[in-house]
Amino acid sequence: MRNKKSMTGILFLSIFVAVFVLFLVTPTRVFSENENRVLTNNISFSLHTVMSGEQGTAVEDFMTDQMPGRDWFQTLASDTRRFAGFKEINGVYLADDGYLITKLTEEDIPDGQLDKNTSSLNNLFASSGVEPERIAVMPVPGADCILSNLLPDGAAVFDSDKAMMTLAGRFADYIFIDLRETLKESAEKTQTFYRTDHHWTTAGAYAAYEEYCRMQAEKGFCSYTKNSDNYSNQSLYSDINNTIVDYNLSTSNVKPDNSSLYTSYFPKLSINSNTDDYDYAYDTYKCRQITQTTDNDSNIQLQTVSTDFHGSLYSKVLCSDIPYDSVQIVANRGVDEVVVDNGTSTSNSCYDNSFLDKKDKYGVFFGGNYSHVSIATQVENGKRLLVIKDSFANSFVPFLTTYYQEIHMIDLRYFTGSVKDFINEQQITDILVLCELSNMLTDTNFSKLNGGLQQ
Amino acid sequence: MKKLRNAAVLLLCMSLLLTACGTTSTSGDGSADNPEITVSTADVTGKVLEQTEISGIDTTLSKGEDLYESNFASLYTFDEKLITDGSIAYDSTGSTADEITILRVADKKDLDTVKAALKSRIKQRATDFGGYKPEETSKVNNAVVFSCSNYVILAICDDPSAARSSFMKIMQEA
């Protein structure tokens, strides 16, 4: 009996000694690829932390982060929870079809933040000097809204429909783009959100781009002769292919119906190269056929650049058998014909392929988020677009590089200047607000629009 | 070796009894029982930045300057009248989370309100950088808010302990 007790004691002691030895001999880890975060790799020491008791927390953090076999234990814990029937891990729903979906409930939405944010934006719009029909607001509903049918039974989510309708009312004087139906239709046909990341896929961004173009067309996207009746014998600039085209008023006084306008005016994902498409100059009063071209250059081509992407939601869940996502870029947009300046470097592409070798492969779009990114294109039409954005815009903006002379992206999380001054200095002609819907309800950085961190 | 050093630090922590800024308050931050000090937050911020290596910070705004008020309103949700002096030092390029904010509170009973606002600021910055810039997220997670006398300080930088030590030293000399 006594020997048994001794053996048990020796066994436990051996385990502790083994763990301690492993702790000493294993190299200190600085970064966790899985979690995409810097690990506690040093015990900081200060008089205050000793006195306040925070030193204990620091030691605990260090031990937790440097625990030998940390990744294996984390995966084991997540798998155990999943097999035990948990439908949520670390604020992420384990949805059907292998989707991981961020949990955001009404309790996560700060009271009054929506009012503050819409007020800040409306104040900016009113004082910007940009025409209202050239200002667009496009909140991106998250996967919890678009893929709500895949959520676990009884999953709590915030009321995105109500939020979207409220925003639509607040921005009624401008182009408000409600993407709910567009993205739901897209999701029926193709993967619109990543399974392991909170962002939309490039196909999702493309669906939004089509809707953006459609709404812009309704407001006179290329109407350089808007409200003018004197069309005859003029050359008219077309946004399509950046070409000057001639039209003949006497033979082209046909207003196409909306479907043919949208089908022909904007490039489609799949295009029949043997079919001639029609380009139209369009304004809110007149819509005239001006020429007939084949729009091969505008044909959108999506190219898969990675098939092993585990995104931000995977980093929270860390289950063992979650399949990889693929990342696509637009092969024939935003490459070579642009100069992209993010404040620290310049390049000739909207894509930073170095991120394909990193954990956060969504960073391939513009190399991640910067306070200000400017994109100079080869278009010469005097149109300068300001995109007030979050990371969802990064995969969307490359689609626009054939429509604007300059595109400026401002991320309010990092931007410290005055947006109003920026609009004046850069002679901005168009504004697009493109943020995830939940960010428009929760982000306090919109208050910077009222003044901004200024230098 | 690094881990052995960490173990040594741990032992040292346990064996020392040290004092911070005067006597300890109920909140453990050394704020309540100190005599009131009056020193310019701009001067203190300048000295902290001199003594602490914070590569990202390139701009400092202080109360009385034209742009201070609008920036203050953009960052914090409390009434500016609670503050008699203040300085905000930050990275104007926005590429780093580095930030040193020093505020002098008019009435010590408002210290907790101001500290709560600065802690909210840390929370917001954690959201801003979370998932996108791990190095900056690490800085934000290690950020400190503390008070001494009627001053409240926010330090987001690589070594907030150094910023704290520097600030305490300056205040003791004041």
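Residues numbered from 1 in each chain as written. Chains lettered and ligands numbered in written order. Predicted model: local features only at pLDDT ≥ 70, side-chain atom pairs only at ≥ 80, totals over all residues. Heavy atoms only, no water.

Brief notes about the confidence of the model for chain A
Line of reasoning, step 1. For chain A, the average pLDDT comes to 81, and 80% of its residues sit at 70 or higher.
Line of reasoning, step 2. For the stretch residues 221-297 of chain A, pLDDT sits under 50, and the model shows 158 contacts to residues farther than four places along the chain or on other chains. (pLDDT = per-residue confidence, 0-100. Contact = heavy atoms within 4.5 Å.)

Re the packing of helix H5 (residues 113-128) of chain A against helix H7 (residues 160-170) of chain A
Residue and element names in this part refer to chain A.
Line of reasoning, step 1. Between H5 and H7, whose axes approach to 11 Å, the crossing angle comes to 30°. With respect to each other, H5 and H7 are oriented roughly parallel. Seen from above, H5 lies across H7 with right-handed handedness. Here H5 contributes Leu114, Asp115, Thr118 and Asn122 to the contact with H7, which in turn contributes Thr166, Leu167 and Arg170. (Axes fitted to C-alpha atoms, helices over the stretch in contact; angles between N-to-C directions. Helix = DSSP H or I, 4+ residues; strand = E, 2+ residues; numbered from the N terminus. Parallel < 35°, antiparallel > 145°, perpendicular 65-115°, else oblique. Left-handed = near helix turned anticlockwise from the far one by under 90°.)

Section: the pattern of salt bridges
Line of reasoning, step 1. According to the stated counting rule, one finds 23 salt bridges over all chains in the structure shown.
Line of reasoning, step 2. Through salt bridges with shared partners, a single ionic network connects Glu35, Arg37, Asp65 and Arg70 of chain A. (Salt bridge = Lys/Arg side-chain N within 4 Å of Asp/Glu carboxyl O.)

Things to note about the packing of aromatic side chains
The geometry of an aromatic ring pair is captured by the separation of the ring centres together with the interplanar angle, meaning the angle of the planes.
All names here are of chain A.
Line of reasoning, step 1. Applying the stated criterion across every chain, the model contains 17 aromatic pairs over all chains.
Line of reasoning, step 2. With a centroid separation of 4.8 Å and 65° between ring planes, the pair formed by Phe125 and Tyr174 is classed as edge-to-face. Residue Phe125 is located in helix H5, and its partner Tyr174 is located in the loop between H7 and strand S7 (175-176); the two are separated by 49 residues in the primary sequence. Grouping residues by exposure puts Phe125 and Tyr174 together as buried.
Line of reasoning, step 3. For the ring pair Tyr194 and Tyr362, a centre distance of 6.3 Å and an interplane angle of 85° mean the geometry is edge-to-face. Residue Tyr194 is located in the loop between helix H8 (180-189) and helix H9 (202-218), and its partner Tyr362 is located in the loop between strand S15 (346-349) and strand S16 (372-376); the two are separated by 168 residues in the primary sequence.
Line of reasoning, step 4. Classification of Tyr194 by relative accessible area gives buried; the value is 2%. (Phe/Tyr/Trp six-rings, centres within 6.5 Å; stacked < 30°, edge-to-face > 60°. Buried < 20%, exposed > 50% of the residue type's maximum accessible area, 1.4 Å probe, protein only.)

Here we look at the confidence of the model for chain B
Do not read the predicted coordinates in detail wherever pLDDT is low.
Residues and elements named next belong to chain B.
Line of reasoning, step 1. Mean pLDDT over chain B: 81, with 80% of residues reaching 70 or higher.
Line of reasoning, step 2. This model gives residues 14-32 a pLDDT under 50, and the stretch forms 32 contacts once residues within four places in sequence are excluded.
Line of reasoning, step 3. Among the scores for the predicted complex, ipTM is 0.74 and pTM is 0.78.

Description of the pairing of strand S17 (residues 384-389) of chain A
All names here are of chain A.
Line of reasoning, step 1. Counting buried positions over the six residues of S17 gives six, a clear majority of the element.
Line of reasoning, step 2. Bridging between S17 and strand S18 (residues 406-411) involves six bridges; their strand directions are parallel. Bridged to Arg384 within S18 is Glu406.
Line of reasoning, step 3. Of the pairings in the sheet, the one linking S17 to strand S19 (residues 430-434) comprises five bridges and is parallel in character. In the sheet register, Leu385 faces S19, and the bridge partner there is Asp430. (Pairing = 2+ DSSP bridges.)

Quick look at the sheet that holds strand S1 (residues 59-62) of chain B
All names here are of chain B.
Line of reasoning, step 1. Strand order in this open sheet of five strands is S1-S2-S3-S5-S4, and the pairing throughout is antiparallel. Each of the sheet's edge strands pairs with one partner strand only, and the pair in question is S1 and strand S4 (144-148). Between one strand axis and the next, the sheet turns by 10° as a mean value, whatever way the strands run.
Line of reasoning, step 2. By the bridge criterion, four bridges tie S1 to strand S2 (residues 83-90) in an arrangement that is antiparallel. By the bridge assignment, Ser62 is partnered in S2 with Ser87.
Line of reasoning, step 3. Contacting S1, S2 and strand S3 (99-105), helix H3 (residues 68-75) crosses the sheet at an angle of about 80° to S2.

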